[in-house]
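This is what each chain is made of:
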Amino acid sequence: MSINQRQFEQLTEMGISLWQHRTCDTPNDNVQAQPKRYLDIDLKDLASKQLFNDILLAAGLSIGEINHQSDHVDLGLFNWYFTTSTSKNEIQWVEQQLFTPSITEISKSPTLKKQLWQLLTKQTQ
């Protein structure tokens, strides 16, 4: 059974995780490679952002306790991915993975900050 993107987002928002078929980048597939969806992470830049430090503090972590990957930050309890999506209201939690716009975009939007704090509070209890 297939669902559209809106239905998927609604189910995900309700905490219902779904399996998705992912395309492979093998030469034999007739599927175009999907564009890169995640921002490269500069940990020094993130560490200079007050909101990021507040989130670490709320989670009981320090910058030295997190693991930096090229496309996400491993906070132990969950992985945090910063997406390049064009929609500004996309904060999602899927199976211990947090997907958000850049920390700079979140900092500029009271709505995104509220949504992020509510999601983190709910998921990390």
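See the structure printed just above.
What counts, and at which threshold
Residues numbered from 1 in each chain as written. Predicted model: local features only at pLDDT ≥ 70, side-chain atom pairs only at ≥ 80, totals over all residues. Heavy atoms only, no water. Helix = DSSP H or I, 4+ residues; strand = E, 2+ residues; numbered from the N terminus. Contact = heavy atoms within 4.5 Å. Buried < 20%, exposed > 50% of the residue type's maximum accessible area, 1.4 Å probe, protein only. Salt bridge = Lys/Arg side-chain N within 4 Å of Asp/Glu carboxyl O. 1 Å grid on protein atoms, 1.4 Å probe; cavity = no way out; pocket = protein on both sides within 12 Å on 5 of 7 lines; lining within 4 Å. Points joined across faces, edges and corners; volume = space filled by probe spheres on them. Nonpolar A, V, L, I, M, F, W, Y, C, P; charged D, E, K, R; others polar.

K.L.:
How should the side chain of serine 102 be read in this particular structure?
P.N.:
With respect to the helices, strands and loops of the structure, serine 102 is situated in the loop between β5 (97-100) and α4 (103-108). Leave out the neighbours within four places in its chain, and serine 102 touches Leu39, Phe82 and Thr83.

K.L.:
Just to check I follow, could you spell out the side chain of threonine 100 for this structure?
P.N.:
In this structure, threonine 100 sits in strand β5. What makes threonine 100 buried here is its relative accessible area of 0%.

K.L.:
So what exactly am I meant to see when it comes to the pattern of salt bridges here?
P.N.:
Oppositely charged side chains can pair when the atoms bearing their charge come close. Tallying each qualifying case throughout the model produces one salt bridge. For aspartate 45, the salt bridge is made with lysine 49, and the minimal N-O distance between the two is 3.9 Å. Residue classification places lysine 49 among the partly exposed positions, given a relative accessible area of 23%.

K.L.:
I would appreciate a short explanation of the environment of aspartate 71 in the present structure.
P.N.:
On the secondary structure map, aspartate 71 appears in the loop between β1 (67-68) and β2 (72-74). Sequence separation between aspartate 71 and aspartate 40 is 31 residues; the distance between their C-alpha atoms is 5.1 Å. Here aspartate 71 is in contact with Tyr38, Leu39, Ile41 and Tyr81, once residues within four sequence places are set aside.

K.L.:
Please explain the layout of surface pockets as it appears in this structure.
P.N.:
Empty space among the atoms becomes apparent when a probe as large as a water molecule is rolled across them. Roughly 320 Å³ of volume is contained in the second largest pocket. Of all the secondary-structure elements, those providing two or more residues to the lining of the second largest pocket are α1 (5-13), β4 (92-93) and α5 (110-123). In terms of residue count, α5 provides more of the lining of the second largest pocket than any other element does, five residues in total. Considering only residue class, the lining of the second largest pocket consists of three nonpolar, seven polar and four charged.

Coordinates in, geometry out; function isn't part of it.
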